[in-house]
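# Architecture at a glance
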Amino acid sequence: MSANSPETAADLTVALVKGGRTKIRYPAGLLGDDGNRIVVRAPWAGSGVRDFGFVRFEPGDVFTEYYWRDRWYAVKEVRAADGSVKGWYCDVTRPAVRTGAELVVEDLDLDLWRSADGGDVRRLDEDEFAASGLAEADPEAAQAAVAALDELERLAREGGFAELLA
């Protein structure tokens, strides 16, 4: 299987939950589950092109997604249809929960982008996080979310995610 191939031996459904509602569900191939870290690969699950200004997600892109049962984030390596790495999109989430063939991840609004060359590292959606009310409703979760974003930014600026994803 090539690094950009969405084919795998096992199938899983990833459910991204935000604000108590399922935001998106998509099929993914399970690449590994060591009891703590779950790795899946999936083609871009959005409809059409999503242009963020600093990166475009589009049909043909393939995401290798890393989730943890003990960490408050997910890291997604994004590759173009030609196999070149576009970068890493990171979601701050509650720890992932896998039940059988379903992986549920609760998105906490905070995100981070790191370009393939490392020249662009940016925190995203801090305004959405502030408006979410999580700090008032669940202060411990809000504190864990901010700490996770800080850790992701530190990793991104100190050379990327190679050690984390190895």
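What you see is a predicted model; the values in this text were computed from it and never measured.

## A word on the nonpolar core
- Residues Val 75 and Phe 161 are the most contacted members of the largest nonpolar core, which totals 25 residues.
- Ranked by the residues each element gives to this core, the list is headed by helix H3 (residues 139-157), at eight residues.
- Setting aside residues no more than four positions away along its own chain, Phe 161 makes contact with Val 75, Trp 88, Cys 90, Leu 112, Arg 114, Leu 152, Leu 155 and Ala 156.
- Core analysis: the next-biggest nonpolar cluster, separate from the first, contains 14 residues, Leu 16, Ala 28, Ile 38 and Ala 42 among them.

## Brief notes about the pairing of strand S11 (residues 121-124)
- Across four bridges, strand S10 (residues 102-115) lies against S11 in antiparallel orientation. Counted as the bridge partner of Arg 114 is Val 121 from S11.
- Between S10 and S11, which pair antiparallel one after the other, the connecting turn spans five residues, and Gly 118 there sits at a positive phi close to 75°.

## Brief notes about the environment of Phe 63
- By the element assignment, Phe 63 lies in strand S6 (residues 62-68).
- Its relative accessible area of 6% is what places Phe 63 among the buried residues.
- Sequence spacing of Phe 63 and Tyr 89 is 26 residues, and the spatial spacing of their C-alpha atoms is 9.3 Å.
- Look past the residues within four positions of Phe 63 in its chain and what remains in contact with it is Val 40, Arg 41, Ala 42, Trp 44, Phe 57, Lys 76, Glu 77 and Val 78.

## Some remarks on the pairing of S10
- Counted residue by residue, S10 has eleven buried out of 14 residues, so it is predominantly covered.
- Sheet topology places strand S1 (residues 10-18) next to S10; five bridges connect them, and they run parallel. By the bridge assignment for S10, Ala 15 is matched with Val 104.
- As paired elements, strand S8 (residues 85-93) and S10 share six bridges and run antiparallel to each other. By the bridge assignment, Cys 90 is partnered in S10 with Leu 112.

## Considerations on the confidence of the model for the chain
- Confidence in the prediction of the chain, expressed as mean pLDDT, is 93, and 95% of residues score 70 or more.
- Confidence over residues 1-9 falls short of pLDDT 50; this stretch has 20 contacts with residues more than four positions distant or in other chains.

## Comments concerning the UniProt feature "domain: DUF402" (unreviewed entry) in the chain
- This chain's UniProt record puts "domain: DUF402" (unreviewed entry) on residues 51-161.
- The distance separating the terminal C-alpha atoms of residues 51-161 is 23 Å; by composition the span is 27% helix and 42% strand.

## Looking at the packing of aromatic side chains
- If you walk through the whole model with that rule in mind, you get eleven aromatic pairs.
- Where Phe 54 meets Trp 113, the ring centres are 5.9 Å apart and the plane angle is 45°; that geometry is what we call tilted. With Phe 54 in the loop between strand S4 (50-51) and strand S5 (56-57) and Trp 113 in strand S10, the pair connects residues that are 59 residues apart, well separated along the chain.
- Look at Phe 54 and you get partly exposed, because its relative accessible area is 21%.
- Judged by relative accessible area, which is 1%, Trp 113 ranks as buried.
- Where Trp 68 meets Tyr 73, the ring centres are 5.4 Å apart and the plane angle is 65°; that geometry is what we call edge-to-face. Each member of the pair, Trp 68 as well as Tyr 73, is classed as buried.
- Through a chain of ring-to-ring contacts, the aromatic side chains of Trp 44, Phe 52, Phe 54, Phe 57, Phe 63, Tyr 89 and Trp 113 assemble into a single cluster.

How each quantity is defined
Residues numbered from 1 in each chain as written. Predicted model: local features only at pLDDT ≥ 70, side-chain atom pairs only at ≥ 80, totals over all residues. Heavy atoms only, no water. Core = buried A, V, L, I, M, F, W, Y, C linked by side-chain atoms within 4.5 Å. Buried < 20%, exposed > 50% of the residue type's maximum accessible area, 1.4 Å probe, protein only. Helix = DSSP H or I, 4+ residues; strand = E, 2+ residues; numbered from the N terminus. Contact = heavy atoms within 4.5 Å. Pairing = 2+ DSSP bridges. pLDDT = per-residue confidence, 0-100. UniProt positions renumbered as here; feature names shortened; annotations may be inferred. Phe/Tyr/Trp six-rings, centres within 6.5 Å; stacked < 30°, edge-to-face > 60°.

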